[in-house]
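Examination of the molecular architecture
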Amino acid sequence: MTKTQPRTPLYCSFCLKSDRQVAKLVGGPSVYICDGCIAVCNRVLKAHHGSAADFAGWDAYTNEELLASLAPSQATLAAVRDDLRAKVAILRQRSVSWAAIGEALGISRQAAWERFKS
């Protein structure tokens with residue numbers, strides 16, 4: 001039986017609180033932001049833009065606006081996938097097991113191996 005190492009905590013890139021100290025932590029390519037910093041950002045944006053309404057949902061967007069949003073969303077998704085793949089590659093170079101990687105991702109060892117094998 002292999003003993004897995006404890007998961008390394010992630011930190012908000014702005015306030016430096018760990019993921020264990022916040023309710024939510026949103027990740028991007030090598031950057032994270034917590035729900036508290038997002039709330040501060042929203043307050044700043046609302047103050048700057050007056051009484052801006054909350055996000056009305058994607059149904060409120062026109063077809064053109066939704067189509068224009070696809071490429072940036074795809075680029076963000078690709079960047080996050082690349083970030084995840086790079087981290088897994090480093091872990092494998094360090095001889096971290098597929099079981100430990102799968103556990104950290106909430107998937108089986110086999111699923112991790114199939115998803116990230118070279």
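Here is a short report on the structure shown in this document.

About the cut-offs
- Residues numbered from 1 in each chain as written.
- Predicted model: local features only at pLDDT ≥ 70, side-chain atom pairs only at ≥ 80, totals over all residues.
- Heavy atoms only, no water.
- Helix = DSSP H or I, 4+ residues; strand = E, 2+ residues; numbered from the N terminus.
- Contact = heavy atoms within 4.5 Å.
- Salt bridge = Lys/Arg side-chain N within 4 Å of Asp/Glu carboxyl O.
- Buried < 20%, exposed > 50% of the residue type's maximum accessible area, 1.4 Å probe, protein only.
- Pairing = 2+ DSSP bridges.

**A look at the side chain of Asp19**
Here Asp19 lies in the segment before strand E1 (25-28). Asp19 has contacts with Arg7, Pro9, Leu10 and Leu25, leaving out every residue within four places of it along the chain.

**Things to note about the pattern of salt bridges**
One pass over the structure, following the stated rule, counts 1 salt bridge. Asp83 serves as the salt-bridge partner of Lys87, at 3.0 Å between the closest nitrogen and oxygen. Here Asp83 and Lys87 lie together in helix H2 (residues 63-93), a separation of 4 residues that amounts to about one turn. For Lys87, a relative accessible area of 34% translates into the label partly exposed. Take Asp83: its relative accessible area is 15%, and that puts it in the buried class.

**Details of helix H3 (residues 98-105)**
Three or more residues of H3 are buried, namely Trp98, Ala100, Ile101 and Gly102. Looking at the buried positions of H3, the neighbouring elements they touch are H2 and helix H4 (109-116). Looking at the residues trailing H3, positive phi occurs at Gly106, about 75°.

**What to know about the pairing of E1**
Side-chain positions along a regular strand alternate between the two faces of the sheet. As paired elements, E1 and strand E2 (residues 31-34) share 4 bridges and run antiparallel to each other. When the bridges of E2 are listed, Val26 appears paired with Ile33. Hairpin connection between E1 and E2: a loop of 2 residues separates the two successive antiparallel strands, and Ser30 in this loop has a positive phi of roughly 60°.

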